[in-house]
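# What the coordinates show
Read off the chains here:
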Amino acid sequence: MHFEVISLFPEMFNAITQSGITSRAQSRGLYSVEVTNPRDYTQDNHKTVDDRPYGGGPGMVMLVEPLAKAIASAKARIVESGIVPHVIHMSPRGIPLTHQKVMALCEIKGLVILASRYEGVDQRLLDTVVDEEISIGDYVLSGGELPAMVLMDAMIRQLPGALGDADSASEDSFVNGLLDYPHYTRPELYEGLVVPDVLMSGNHAKIREWRLLQSLLLTRAKRPDLLAARSLTKEEARLLQVIDREQEQASS
Ligand code: ADE
């Protein structure tokens, strides 16, 4: 997997390359990243990358030319390794990022990610070189760098060998369309709160069932939209029925 990032703040991406899982994955050669500063593709002494919007209004707009040149050089590096590049612009106007979208993007081996600043970029850049826009949520950040790193982190942890325990990513929230179940570790007793008995039982079938039920209950309470978007397996329907009946009986 190769990432080409276009950003006016290349040093921000040290957050990905210098700590934790994403740093280790890079050292293991699971992905590579190059950050290009569009300022290096300006022609004037001031290295201008933005200008006032035609039609007036607040803020500045990023110039099409330095961005187009920076993206062209990034794409050329990907093409050199025989991969077809895909260009993403991080933008609150984009389609929302989901687990499914992360997995789909992992299939593409060369991504160019444009992290823009200011009020936006000249529409002609989006019309000519950007393949898709992706949003990380319905709020506006000061730039696309953090969204780009969110996308990269979510993808990198899915690369085979990125996580210490091979099963960690397959048990994450959203993988089966449900939120993650509660986790416990030592001590057994904390401020009067105990670890659920079933987790101490050593009965792996019961533990798996308990975790699935907790995932279902949490998802139903906090994210009913996720449950509505998928059908329940027979086992899931049975587990919910049992708990609902128990609760009905307790309240009557
Ligand atoms: N740039 C600024 N805000 C953003 C968001 N919410 N998602 C993606 N890119 C952005």
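Scope of this entry: the structure provided in the associated data block. Since this is a predicted model, take the numbers as computed values, not measurements.

### Observations concerning the overall build of the chain
Regarding its fold elements, the chain presents 10 helices and 10 strands. Computed over C-alpha atoms, the radius of gyration of the chain comes to 23 Å, more than 25% over the 18 Å expected from 2.2 N^0.38 for 252 residues, which places it beyond the range of a compact globule. Projected onto its principal axes, the C-alpha positions of the chain cover 75 × 45 × 40 Å. Counted over contacts in the chain with a minimum sequence separation of 6, partners at least 24 positions apart contribute 75%. For the chain, the exposed area adds up to about 14900 Å²; of that, 53% sits on carbon and sulfur atoms. Here the chain contributes 25 positive and 34 negative side-chain charges, whose respective centroids are spaced 3 Å apart.

### Notes on the pattern of salt bridges
Counting across every chain of the model gives 13 salt bridges. For Lys-101, the salt bridge goes to Glu-132, with nearest N and O atoms at 3.0 Å. Here Lys-101 is found in helix 4 (residues 99–106), whereas its partner Glu-132 is found in strand 8 (residues 132–135), with 31 residues between them in sequence. Between Arg-220 and Asp-244 there is a salt bridge whose closest N-O contact spans 2.8 Å. In this pair, Arg-220 sits in helix 8 (residues 204–222) while Asp-244 sits in helix 10 (residues 234–251), placing the two residues 24 residues apart along the sequence. Within the structure, one salt-bridge network assembled from shared partners comprises Glu-4, Glu-34 and Arg-77.

### Regarding the nonpolar core
In terms of nonpolar packing, the biggest core is built from 25 residues, with Phe-3, Tyr-31, Ile-113, Met-152 and Met-155 touching the most fellow members. Elements represented by at least two residues in this core include exactly strand 1 (2–6), strand 5 (86–96), helix 4, strand 6 (110–114) and helix 6 (145–156). Take this core: its biggest share by element is 6 residues, from helix 6. In contact with Tyr-31, other than residues within four places in its own chain, are Met-1, Phe-3, Ile-16, Thr-17, Thr-22, Ser-23, Ala-25, Gln-26, Ile-156 and Leu-159. Formed by 17 residues, the second largest nonpolar core is a distinct cluster that contains Ala-70, Val-121, Leu-125 and Val-129.

### Here's the deal with the layout of surface pockets
Its volume calculated, the largest pocket comes out at about 580 Å³. Along the wall of the largest pocket there are 21 residues; nearest its centre are Leu-97, Thr-98, His-99, Gln-100 and Phe-174. When residues of the lining of the largest pocket are traced back to their parent elements, those giving at least two are helix 4, helix 6 and helix 9 (224–228). In terms of residue count, helix 4 provides more of the lining of the largest pocket than any other element does, 3 residues in total.

### What to know about the sheet that holds strand 3 (residues 50–51)
In space, the 3 strands of this open sheet follow the order 3-4-7, with mixed pairing throughout. The open sheet terminates on both sides in strands that have one partner only, identified here as strand 3 and strand 7 (120–121). As judged from the 2 bridges shared by strand 3 and strand 4 (residues 61–62), these two strands associate in the antiparallel manner. Across the sheet, Asp-51 pairs through a bridge with Val-61, a residue of strand 4.

Cut-offs and rules
Residues numbered from 1 in each chain as written. Predicted model: local features only at pLDDT ≥ 70, side-chain atom pairs only at ≥ 80, totals over all residues. Heavy atoms only, no water. Helix = DSSP H or I, 4+ residues; strand = E, 2+ residues; numbered from the N terminus. Rg over C-alpha atoms; globule rule 2.2 N^0.38 Å. Contact = heavy atoms within 4.5 Å. Areas by Shrake-Rupley, 256 points an atom, 1.4 Å probe, with all protein chains shown as cover. Lys, Arg positive; Asp, Glu negative; His and termini not counted. Charge placed at Lys NZ, Arg CZ, Asp CG, Glu CD. Salt bridge = Lys/Arg side-chain N within 4 Å of Asp/Glu carboxyl O. Core = buried A, V, L, I, M, F, W, Y, C linked by side-chain atoms within 4.5 Å. Buried < 20%, exposed > 50% of the residue type's maximum accessible area, 1.4 Å probe, protein only. 1 Å grid on protein atoms, 1.4 Å probe; cavity = no way out; pocket = protein on both sides within 12 Å on 5 of 7 lines; lining within 4 Å. Points joined across faces, edges and corners; volume = space filled by probe spheres on them. Pairing = 2+ DSSP bridges.

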